[in-house]
Amino acid sequence: MIRNLVFDIGNVLISWKPGEYLLKAGYEAESVQIIVDSVFRSSHWHSLDNGDITRAEAIDLMASSSSITRDQIASLFDLCQEIIFPLTDNIKLLPELKKEGFRLYYLSNFPLEFFSDTKNRYDFFKYFDGGIISAEVRHSKPDPEIYKILLDRYGLAAEECLYIDDIEENVRSAESSGMKAIHLSYAESLEKELSGNGITLLLRG
């Protein structure tokens, strides 16, 4: 029986699509691709997610390995809270899931400073019973160790957990840890996907 729901954060509860944001902000498509590859999809961003380097170190490393200046990269980092926005149709499910008796956890790859700002900004985190951020534990999804850390920290039985993520590789790793999992290809489909897993909610208007 599923007793615990474990949520990725990006593109499950908040939108995180830097490329789309920059295009809408008027950046040229070619520039956007360079920025996304040099900053948000770079190995240095992964190291930041993993807690291996600081924000300042990440900016320096990105600047030294790309055509983008340090000041430009720093300004992109400053935009992070503008790039994200809440996926309200999914967030509104959280209190209903709590009322149904589920325990809620988050498991997400996130730079520590960015996560701290995000957690302070949004009040939906109050519905969670706990969670793991990659930079805190120095392991990032899909590393199997981060799922084990979550299970061990909160004393959870893997077979009682349903994990939700927008990235298939992360979903497969969760399944290998013994969890049931949902690959959320479209953020808008969360309620339907939960229903398909036997979790049907009567949302209160």
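Summarised in this report is the structure supplied together with it. Here the structure is a predicted model, which means the values were calculated and not measured. (Residues numbered from 1 in each chain as written. Predicted model: local features only at pLDDT ≥ 70, side-chain atom pairs only at ≥ 80, totals over all residues. Heavy atoms only, no water.)

Another aspect to go through is the overall build of the protein chain. A tally of regular secondary structure across the protein chain gives 13 helices and seven strands. On C-alpha atoms alone, the protein chain measures out to a radius of gyration of 17 Å, which is about the 17 Å that the 2.2 N^0.38 rule sets for 205 residues. Seen through its C-alpha atoms, the protein chain measures out along the principal axes to roughly 50 × 35 × 30 Å. Taken over 205 residues, the protein chain has a buried fraction of 49%. (Helix = DSSP H or I, 4+ residues; strand = E, 2+ residues; numbered from the N terminus. Rg over C-alpha atoms; globule rule 2.2 N^0.38 Å. Buried < 20%, exposed > 50% of the residue type's maximum accessible area, 1.4 Å probe, protein only.)

Turning next to the nonpolar core. Membership of the largest hydrophobic core comes to 51 residues, with the highest contact counts inside it found for Phe7, Val39 and Leu97. The element best represented in this core is helix 2 (residues 29–40), accounting for five residues. In this structure Phe7 touches Val12, Leu13, Leu94, Leu97, Leu104, Tyr105, Tyr106, Leu107, Phe128, Ile164 and Leu190, once residues within four positions along its chain are discounted. Ranked by size, the runner-up nonpolar core spans 18 residues in total, among them Tyr105, Leu107, Tyr147 and Ala181. (Core = buried A, V, L, I, M, F, W, Y, C linked by side-chain atoms within 4.5 Å. Contact = heavy atoms within 4.5 Å.)

What follows concerns the pattern of salt bridges. In the structure shown here, the tally under the stated rule is 15 salt bridges. For the salt bridge of Asp8 with Lys141, the shortest nitrogen-to-oxygen distance reads 2.9 Å. With Asp8 in the loop between strand 1 (4–7) and strand 2 (14–15) and Lys141 in the loop between helix 10 (134–137) and helix 11 (144–154), the pair connects residues that are 133 residues apart, well separated along the chain. Like Asp8, the residue Lys141 is buried in the burial classification. With a closest N to O distance of 2.9 Å, Asp129 and Lys98 form a salt bridge. Placement of the pair is Asp129 in the loop between helix 9 (112–121) and strand 5 (130–133) and Lys98 in helix 8 (residues 93–99), with a sequence separation of 31 residues. By relative accessible area, which is 27% here, Asp129 ends up partly exposed. A relative accessible area of 30% places Lys98 in the partly exposed class. (Salt bridge = Lys/Arg side-chain N within 4 Å of Asp/Glu carboxyl O.)

We now examine the packing of aromatic side chains. Across all of its chains, the model carries 17 aromatic pairs by this definition. With a centroid separation of 5.4 Å and 65° between ring planes, the pair formed by Phe110 and Phe115 is classed as edge-to-face. The exposure classification of Phe110 matches that of Phe115, with both residues buried. Considering the side-chain rings of Phe124 and Phe125, the 4.5 Å spacing of their centres and the 25° angle between planes classify their relative orientation as stacked. Comparing Phe124 with Phe125 shows no difference in burial state: the two are buried. (Phe/Tyr/Trp six-rings, centres within 6.5 Å; stacked < 30°, edge-to-face > 60°.)

The contact between helix 4 (residues 55–64) and helix 5 (residues 70–78) brings their axes to 9 Å, and the two run at 135°. When the axes of helix 4 and helix 5 are compared, the pair comes out oblique. Between helix 4 and helix 5 the crossing geometry is right-handed. Residues Arg55, Ala56, Ala58, Ile59, Asp60, Met62 and Ala63 of helix 4 pack against Arg70, Ile73, Ala74, Phe77 and Asp78 of helix 5. Per-class residue counts for the contact of helix 4 with helix 5 are eight nonpolar, no polar and four charged. (Axes fitted to C-alpha atoms, helices over the stretch in contact; angles between N-to-C directions. Parallel < 35°, antiparallel > 145°, perpendicular 65-115°, else oblique. Left-handed = near helix turned anticlockwise from the far one by under 90°. Nonpolar A, V, L, I, M, F, W, Y, C, P; charged D, E, K, R; others polar.)

Purely geometric stuff here, so don't read any function into it on its own.
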